[in-house]
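Results of the structural survey
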Amino acid sequence: VAADATHIPRVPRYTHVRRRAACPLPAAPSHLDASVDPGIAYVAKVVGLAYLVAQLEWLIIDDIRLATSSIDALDLHGQPTGAIGRALVRVVPELTSRPNVQHFVATSARALLNVAARRNTVLHARPATQKSGEVRLLKLRVGKAGEVDGTWIDDAYLDKQISAVKYWLRRVESARELPLD
């Protein structure tokens, strides 16, 4: 959902950002005001998404199929999700003689690259107050021409992202079921 779909009051501290009139900037909630609490269920979804991505990373890094490739899992532990995915993409061509391992590594790479973008959108968003008064995360992007675009991280958005990560978990688990070749 674009930020301009909901009226968001401007805050003076954002005036240094050029913007189009159709996309006003959000009001930042005060950390001293208890009414800005987004609710435990909402926060649990944000944390749940991050946890599922970490679970997917570990499922991949800890798998014996990866251990039998040229990738050193220890090198992957300090890397962000997207970097792990890109490292796996680079090793896929080397595995043509081992189709099951290649399938696992290729599926894992696609999964990590997909979920990294989803997780990053949520974790790099900031609290903002919607027209309804609810506090939700808002991911703002400022284009080169100064246009501002935003995505509200509401419950429906989180549910969609969690479903996508669970889909990739199932895909990677299915790829793990193939016999080790």
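In this report, we go over the structure that sits alongside the text. Within any chain, residue numbers begin from 1 and follow the written order of that chain's sequence. A pLDDT threshold of at least 70 governs which residues receive local features in this predicted model, and a stricter bar of 80 or more applies before side-chain atom pairs are shown or counted, although totals over entire chains, interfaces and linings include all residues. Each side-chain value is worked out from all heavy atoms of the structure, with water and hydrogens disregarded.

**A few points about the overall build of the protein chain**
This is how the line gets drawn: Working definition: helices are DSSP H or I runs of at least four residues, strands are E runs of at least two. Numbering for both runs from the N terminus. Per-residue accessibility, obtained with a 1.4 Å probe over protein chains only, is compared with the maximum for each type, and a residue is labelled buried under 20%, exposed over 50%, and partly exposed between these values. A contact between two residues is defined here by any heavy atoms of the two lying within 4.5 Å. All accessible-area figures derive from a Shrake-Rupley calculation using a 1.4 Å probe, and residue coverage is judged against the displayed protein chains alone.
When helices and strands are tallied, the protein chain shows six helices and three strands. Reading the secondary structure of the protein chain in the N-to-C direction produces α-α-α-α-α-β-β-β-α. Considering the protein chain as a whole, with its 181 residues, one finds that 41% of them fall into the buried category. Considering only contacts within the protein chain whose residues lie at least 6 apart along the sequence, 62% involve residues at least 24 apart. Here the protein chain has roughly 10,000 Å² of accessible surface; of this, 56% comes from carbon and sulfur atoms.

**Let's talk about the pattern of salt bridges**
Pairing is possible between side chains that carry opposite charge, provided their charged atoms lie close to one another. The line we're drawing: Basic side-chain nitrogens of Lys or Arg form a salt bridge, by our definition, when they fall within 4 Å of a carboxyl oxygen of Asp or Glu.
Taken as a whole and assessed by the stated rule, the structure comprises six salt bridges. Across the pair Lys 45 and Asp 155 runs a salt bridge whose closest N-O atoms are separated by 3.5 Å. Placement of Lys 45 in helix H1 (residues 40–61) and of Asp 155 in helix H6 (residues 155–176) is noted, with a sequence separation of 110 residues between them. For Lys 45, a relative accessible area of 22% puts it in the partly exposed group. Asp 155 gets classed as partly exposed once you look at its relative accessible area, which sits at 27%. Of the charged contacts, one joins Arg 136 and Asp 155 as a salt bridge, the two residues approaching to 3.3 Å between their closest N and O atoms. Here Arg 136 is found in strand S2 (residues 135–142), whereas its partner Asp 155 is found in helix H6, with 19 residues between them in sequence. Judged by its relative accessible area of 7%, Arg 136 is buried.

**Describing the pairing of strand S3 (residues 148–153)**
When a strand is regular, its side chains alternate between the sheet's two faces. Applicable threshold: Two strands form a pair only when DSSP identifies at least two bridges running between them.
Of all six residues in S3, five are buried, a share of seventy percent or more. Bridge count for S2 against S3 is six bridges, and the pairing is antiparallel. What sits directly across from Arg 141, in S3, is Asp 149. The hairpin turn running from S2 into S3, its antiparallel successor, is five residues long, and Gly 146 in that turn takes a positive phi close to 90°.

**A look at the environment of Pro 127**
Counting through the fold element by element, Pro 127 comes out in strand S1 (residues 126–129). Separated by 25 residues in the primary sequence, Pro 127 and Trp 152 have C-alpha atoms spaced 9.6 Å apart.

**Notes on the side chain of Glu 57**
Mapped onto the elements of the fold, Glu 57 is located in helix H1. Those residues in contact with Glu 57 that sit more than four places away from it in its chain are Thr 81, Ile 84, Leu 112 and Arg 119.

**Regarding the pairing of S2**
Where S1 and S2 come together, four bridges link them in antiparallel fashion. Note that in S2 the partner of Thr 129 across the bridge is Val 135. The antiparallel pairing of S1 with S2 creates a hairpin that spans five residues between the two strands, and Gly 133 there sits at a positive phi of about 95°.

**Description of the sheet that holds S2**
So the rule is basically this: With axes taken as lines fitted to C-alpha atoms, and helix axes fitted only over the stretch in contact, angles between N-to-C directions fall between 0 and 180 degrees.
The three strands are arranged S1-S2-S3 in an open sheet whose pairing can be described as antiparallel. One side of each edge strand has no neighbouring strand; the edge strands of this open sheet are S1 and S3. Ignoring which end each strand starts from, the neighbouring axes of this sheet average 50° apart. Along the sheet, H6 contacts S2 and S3; its crossing angle with S3, the most-contacted strand, is approximately 80°.

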